[in-house]
Amino acid sequence: EAQVTQNPRYLITVTGKKLTVTCSQNMNHEYMSWYRQDPGLGLRQIYYSMNVEVTDKGDVPEGYKVSRKEKRNFPLILESPSPNQTSLYFCASRSLAGSGANVLTFGAGSRLTVL
Amino acid sequence: GENVEQHPSTLSVQEGDSAVIKCTYSDSASNYFPWYKQELGKGPQLIIDIRSNVGEKKDQRIAVTLNKTAKHFSLHITETQPEDSAVYFCAASPYNTNAGKSTFGDGTTLTVKP
């Protein structure tokens, strides 16, 4: 089944403790992206990647890092989490060519709480 | 950059009635406008999209209309059913697939009462 898999789905952590949210897709998509969803603010883009070793900032990149060493994986790294990073995070991917090139496939989400 | 405004933020309708959600965008370079549905506990999923060379697109009970001059587009759901209850997001981006950024509206929570 074509899908985007995020882990963990739920995480409670403390301020300053480094964490990584993994994202993996099995559709051979070139493009991957991270979003955070907060009440009343919709989906805001954190970082995106057009292909391996190519990443760029979205609208809210502060406090986050990403890497794209392999095509299928795009982890989101919080080096020193703070309470304002408590949010619901989504990873998404899409192809850059073909009829479905603009269609994002989202993961199920990762709910992060930073105490 | 692009700014997308979505209204209303919440919408409650009776089963069988129609629902309309509206979005406006700011960047005239945007020419791809998808709508995503997010059910509880799941990630958003594309339900319909439209490109700027088309004014309207339908798929069964769902339709999207686009007014490029006024920079707004709308989602229309007819004969609503309880399973239509979800959060709906609009988005705007250049159709160029090499464009990295996509901008979403703030979402509309639709409740369909049986």
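The preceding data block contains the structure.
Residues numbered from 1 in each chain as written. Chains lettered and ligands numbered in written order. Predicted model: local features only at pLDDT ≥ 70, side-chain atom pairs only at ≥ 80, totals over all residues. Heavy atoms only, no water.

## Focus: the state of the cysteines
Put simply, the rule is: Cysteine sulfur atoms that pair up within 2.5 Å are treated as a disulfide. Only runs of H or I of at least four residues qualify as helices and only runs of E of at least two qualify as strands under DSSP, and these elements are numbered from the N terminus. Only protein chains enter the calculation, and the probe is 1.4 Å; a residue is then buried if its accessible area is under 20% of its type maximum, exposed if over 50%, and partly exposed in between.
Tallying each qualifying case throughout the model produces two disulfides over all chains. Note that A:Cys23 is cross-linked by a disulfide to A:Cys91, the S-S spacing being 1.9 Å. Taking the torsion about the sulfur-sulfur bond, which here is approximately -75 degrees, the covalent link between A:Cys23 and A:Cys91 counts as left-handed. Here the residue A:Cys23 occupies a position in strand β3 (residues 19-25), and A:Cys91 occupies one in strand β9 (residues 87-94), the gap between them amounting to 68 residues. In this pair, the class of A:Cys23 matches that of A:Cys91, namely buried. A disulfide bridge connects B:Cys23 with B:Cys90, and the sulfur atoms are separated by 1.9 Å. Linking B:Cys23 and B:Cys90, the disulfide has an S-S dihedral of approximately -100 degrees and is accordingly described as left-handed. Taken together, the positions of B:Cys23 in strand β3 (residues 19-25) and B:Cys90 in strand β9 (residues 86-92) put the pair 67 residues apart, joining distant regions of the chain.

## Remarks on the nonpolar core
Note the following rule: Nine residue types can take part in a nonpolar core, namely buried Ala, Val, Leu, Ile, Met, Phe, Trp, Tyr and Cys, and a core is a set of them joined through side-chain atoms within 4.5 Å. Any pair of residues with heavy atoms lying within 4.5 Å of one another is described as a contacting pair.
In terms of nonpolar packing, the biggest core is built from 23 residues, with B:Trp35, B:Phe73, B:Leu75 and B:Leu110 touching the most fellow members. Broken down by secondary-structure element, the contributors of at least two residues to this core are β2 (10-14), β3, β4 (32-38), β5 (45-51), β7 (62-67), β8 (72-77), β9 and β11 (108-113) of chain B. Those residues in contact with B:Phe73, other than ones at most four positions away along the chain, are B:Ile21, B:Lys22, B:Cys23, B:Tyr25, B:Phe33, B:Trp35, B:Thr65, B:Leu66, B:Cys90 and B:Ala91. Formed by 18 residues, the second largest nonpolar core is a distinct cluster that contains A:Ile46, A:Tyr47, A:Leu76 and A:Val114.

## Things to note about the pairing of β8(B)
Residue and element names in this part refer to chain B. Selection rule: Here the rule is simple: two strands pair whenever DSSP picks up at least two bridges between them.
Sheet topology note: the β3/β8 ladder contains six bridges and is antiparallel. Paired with isoleucine 21 across the strands is leucine 75, a residue of β8. Following β7, the chain reverses through four residues before pairing antiparallel with β8; lysine 71 in that reversal takes a positive phi of roughly 55 degrees.

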